[in-house]
Each structure stands twice: as C-alpha cells, then as structure tokens.
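Now for the letters of each chain:
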Amino acid sequence: MEPIIQTEKLCHTYSAGTPFERFALVDVDFTAYRGEYLGIIGHTGSGKSTLIQHLNGLLKPTSGRVLFEGQDIWESKERTRQTRFQVGLVFQYPEYQLFEETVYKDIAFGPKNMKLDDGEIDRRVRQSAEFVGLGPEILEQSPFELSGGQKRRVAIAGVIAMEPSVLILDEPTAGLDPVGVSDILRNIHDYHVAKNATIIIVSHSMEEVARTVDRLVVVDDARIPFSGTPREVFAHEEELVAMGLGVPQVTRVFHRLRRLGVDVDDTVYTMEQAKAAFLDVLKRKGAV
Ligand SMILES: Nc1ncnc2c1ncn2[C@@H]1O[C@H](COP(=O)(O)OP(=O)(O)OP(=O)(O)O)[C@@H](O)[C@H]1O
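Residues numbered from 1 in each chain as written. Predicted model: local features only at pLDDT ≥ 70, side-chain atom pairs only at ≥ 80, totals over all residues. Heavy atoms only, no water.

- As recorded by an unreviewed UniProt entry, the chain carries the name Energy-coupling factor transporter ATP-binding protein EcfA2 and is attributed to Lawsonibacter faecis.
- Checking UniProt for the chain, the heading Subcellular location (unreviewed entry) contains the comment "Cell membrane".
- Listed under Subunit (unreviewed entry) in UniProt, the entry text for the chain is "Forms a stable energy-coupling factor (ECF) transporter complex composed of 2 membrane-embedded substrate-binding proteins (S component), 2 ATP-binding proteins (A component) and 2 transmembrane proteins (T component)." (UniProt positions renumbered as here; feature names shortened; annotations may be inferred.)

If you want it as structure tokens, here you go:
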C-alpha cells in the first residue's frame, strides 16, 4: 500500500513557554494509505483535532514533519496551498460555518477559491449536491431554511466540491438521528468508492467505526499507542477501557464467550452480526 499522508515525529505544543503550555501531540508517527478508510478514536482532549488539522496544513508543527505524497507540506507556500485543496477537512458541526445567502454559493465557495472557471464550478456544485442527496431545488434556498441534517450535508458538499483525494471528517454524525447517521455514512462511503478517495473519520462511536473502517488509529494523551484493523485494536479491550473508550458492546460479549471456550467469530460489532454468528454456532452444534 502506498502512503498518501504521513507525519514524522510530529509535535504540537499550544501556548509554548507560558503557564498554559499544553503538549497536544508528542512525537506522533501517523500514516494514511491511498484509498483506505481510516478511523481515528480517542477520548476528549487526547489530540485528535490537533492531528487532523496538521494533515491539511491548518496548524504548523512545533517540530517534526507532515508529508503529502512524500513531500513536506511546509516546503513552500504553493505546496501548503495545494495540500489544503487536496486534503478536505470537515469540522465538527460544520453547519455553523455556513454563511452564504444560498446553498449554491456556499458549496461553490471552495471551488471558487481554487480559481476554477464558472462551468467547472457549476458542474462541481451540482455533482457534490447530488452526492449528498440534496435535490437541485435546494440550491437556490438559504442554508438557514434547511433542517440540521440538510445543513450538515451542504457543509460536506462544500468540501467534496473541491474533489479532495483525502477527505477528513471530525465526528460527522454527531447530533444526528439514526436515519441521518446512516445517510451521512452512506454519502461518505459513496464518495470513497467513486473517487477512490482516502477517508479519515474521527468518531466517538465504537460501533460506527467498527463497521465502516479498514483500520483504526487510537490517540491517547497526545500519542498513538496502537493502530490496526478493528479486530486487532479491540483485542486491547482493557487498555481501551482504561482510556475511557471501551469496545462495542457486542464485541465485549463475544470476547467473554471466547474466553469461556465458545468458538465464536470475534469480528462481530453489531446486533445483526451477533444474531448471524449465534445462528452459525447453533447450526454447527446441530441445534437448529
Ligand atoms: N487552541 C488551543 N489552545 C490551547 N490548548 C488547546 C487548544 N486546542 C486544543 N487544546 C488542548 O490540546 C489538547 C488536545 O486537544 P484536541 O482538541 O486536539 O483534542 P481532541 O481529542 O480533538 O478532543 P475532542 O474530542 O474534545 O475534540 C487538549 O488538552 C486541549 O485542551
């Protein structure tokens, strides 16, 4: 697999040299590979937001390097600018950052900054609105007339319209109802497939990341203690609990069953998967 973004010994200190000094990242080596669907998990204040802001050059390292496609993103002003277009960042509650008078103008803001011509901007606005399931009739409305879920989609469309090869989303489903959550996760997945884009999703929900990502990176106390497939990461159950994270409830039950000698698959994260796995055990035992 080919790395697309890397950090090397990345350190970030807020308010350095003052009584409020805070080491938010310490010697962090992070890699995201081209085309992968990556999850970042960590307790509040562990350093996740600081890390993702470094990945698109919003923050400057106190020390260490950030590389995009093998090149230091701070090498030149042009390099930093290009990285910001290539690495799209959707903040937490991005709907609070909508400010234009129409949905169209809001989505067009990024492509305009890229100095694209009007025809290309129009194509991108319409295509990205469609991606997130917003009909053309919404484009001329004010974003402030929309529901919370629709506003969130406008904000995501605004980043997708820049056609980034890496899309980073900080808690994209926070505060949405279950239907809103699955709609947004599907939109993100569709973008991933259509553009072979790298997706980096920050989430508090273990169930959500477990069923969507290829690989998980754990952030704790300004460092990355371990990363791996959801199965590999959730095998560290006790450490995750100590970090205030835990593992999906179903996975916890399945870990217990395995310890009791029941031969169950431990890559089970959701109730639907649990039902199928139990049925499989019963079938193997000839009980059904
Ligand atoms: N602008 C800032 N000035 C000073 N300290 C900050 C600033 N931003 C974050 N911090 C501190 O740096 C540490 C890491 O914060 P960060 O926001 O990266 O964590 P997080 O894991 O994203 O948390 P959350 O899940 O709450 O978003 C925390 O202790 C936080 O209080």
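Having seen the model, we can carry on.
### Quick notes on the site of the ligand
Okay, step 1: In the region of the ligand, 13 residues are neighbours, and Arg22, Gly45, Lys48, Ser49 and Thr50 sit closest.
Okay, step 2: In the environment of the ligand, an oxygen atom lies 2.9 Å from a nitrogen or oxygen atom belonging to the side chain of Arg22.
Okay, step 3: A distance of 2.5 Å separates an oxygen atom of the ligand from a polar side-chain atom of Thr50.
Okay, step 4: Its free accessible area being 630 Å², the ligand has 64% of it covered by the protein chains.
Okay, step 5: Counting residues per element, the ones that place at least two in the shell around the ligand are β2 (22-33) and α1 (48-55).
Okay, step 6: It is α1 that contributes the most residues to the shell around the ligand, three residues altogether.
Okay, step 7: Class assignment for the residues of the shell around the ligand results in two nonpolar, nine polar and two charged. (Near = heavy atom within 4 Å. Polar contact = N/O pair within 3.5 Å; in protein donor to acceptor, adjacent residues only side chain to side chain. Areas by Shrake-Rupley, 256 points an atom, 1.4 Å probe, with all protein chains shown as cover. Helix = DSSP H or I, 4+ residues; strand = E, 2+ residues; numbered from the N terminus. Nonpolar A, V, L, I, M, F, W, Y, C, P; charged D, E, K, R; others polar.)

### Let's talk about the domain arrangement of the chain
Okay, step 1: When its domains are assigned, the chain resolves into domain 1 (3-236) and domain 2 (248-288).
Okay, step 2: Summarising the inter-unit geometry, the C-alpha centres of domain 1 and domain 2 are found 34 Å apart.
Okay, step 3: Every contact between the two is made by eight residues of domain 1 and, on the other side, eight residues of domain 2.
Okay, step 4: Taking both partners together, domain 1 and domain 2 bury about 670 Å²; carbon and sulfur atoms supply 66% of that area. (Domains from an automatic or database assignment. Contact = heavy atoms within 4.5 Å. Buried area = accessible area lost by both parts, 1.4 Å probe.)

### Structural notes on the environment of Ile160
Okay, step 1: Position of Ile160 among the secondary structure elements: in helix α5 (residues 148-160).
Okay, step 2: Owing to a relative accessible area of 4%, Ile160 belongs among the buried residues under this scheme.
Okay, step 3: Measuring from C-alpha to C-alpha, the distance between Ile160 and Glu95 comes to 15 Å, with 65 residues separating the pair along the chain. (Buried < 20%, exposed > 50% of the residue type's maximum accessible area, 1.4 Å probe, protein only.)

### A few points about unusual backbone geometry
Okay, step 1: Its identity as a non-glycine residue notwithstanding, Lys9 has a phi of 45°, on the positive side.
Okay, step 2: Topologically, Lys9 is positioned in strand β1 (residues 3-14).
Okay, step 3: In this model, Asp27 sits at a positive phi of 50°, which is unusual for a non-glycine residue.
Okay, step 4: Within the secondary structure layout, Asp27 lies in strand β2.

### Side note on the sheet that holds strand β6 (residues 87-90)
Okay, step 1: Taken in spatial order, the six strands of this open sheet run β6-β7-β8-β3-β9-β10, and their pairing is mixed. Each of the sheet's edge strands pairs with one partner strand only, and the pair in question is β6 and β10 (227-228).
Okay, step 2: Examined bridge by bridge, strand β9 (residues 215-219) and β10 share two bridges and lie antiparallel to one another. Counted as the bridge partner of Val217 is Ser227 from β10.
Okay, step 3: Its contacts with the sheet put α1 on β3 (37-42), β6, β7 (166-170), β8 (198-202) and β9, and the angle it makes with β3 is roughly 145°.
Okay, step 4: Contacts from helix α2 (residues 77-86) reach β6 and β7 within the one sheet, and its direction differs from that of β6 by about 60°. (Pairing = 2+ DSSP bridges. Axes fitted to C-alpha atoms, helices over the stretch in contact; angles between N-to-C directions.)

### Here's the deal with the packing of aromatic side chains
Okay, step 1: Evaluation of the coordinates by the stated rule reveals three aromatic pairs.
Okay, step 2: With 6.1 Å between their ring centres and 35° between their planes, Tyr93 and Tyr96 make a pair best called tilted.
Okay, step 3: On the accessibility criterion, Tyr93 (31% relative accessible area) is partly exposed.
Okay, step 4: Overall, Tyr96 belongs to the exposed group, its relative accessible area being 67%.
Okay, step 5: Ring centres of Phe99 and Phe109 lie 5.3 Å apart, and the angle between their planes is 85°; on these two criteria the pair is classed as edge-to-face. Of this pair, Phe99 sits in the loop between β6 and α3 (103-113) while Phe109 sits in helix α3, and the two are ten residues apart along the sequence.
Okay, step 6: Take Phe109: its relative accessible area is 39%, and that puts it in the partly exposed class. (Phe/Tyr/Trp six-rings, centres within 6.5 Å; stacked < 30°, edge-to-face > 60°.)

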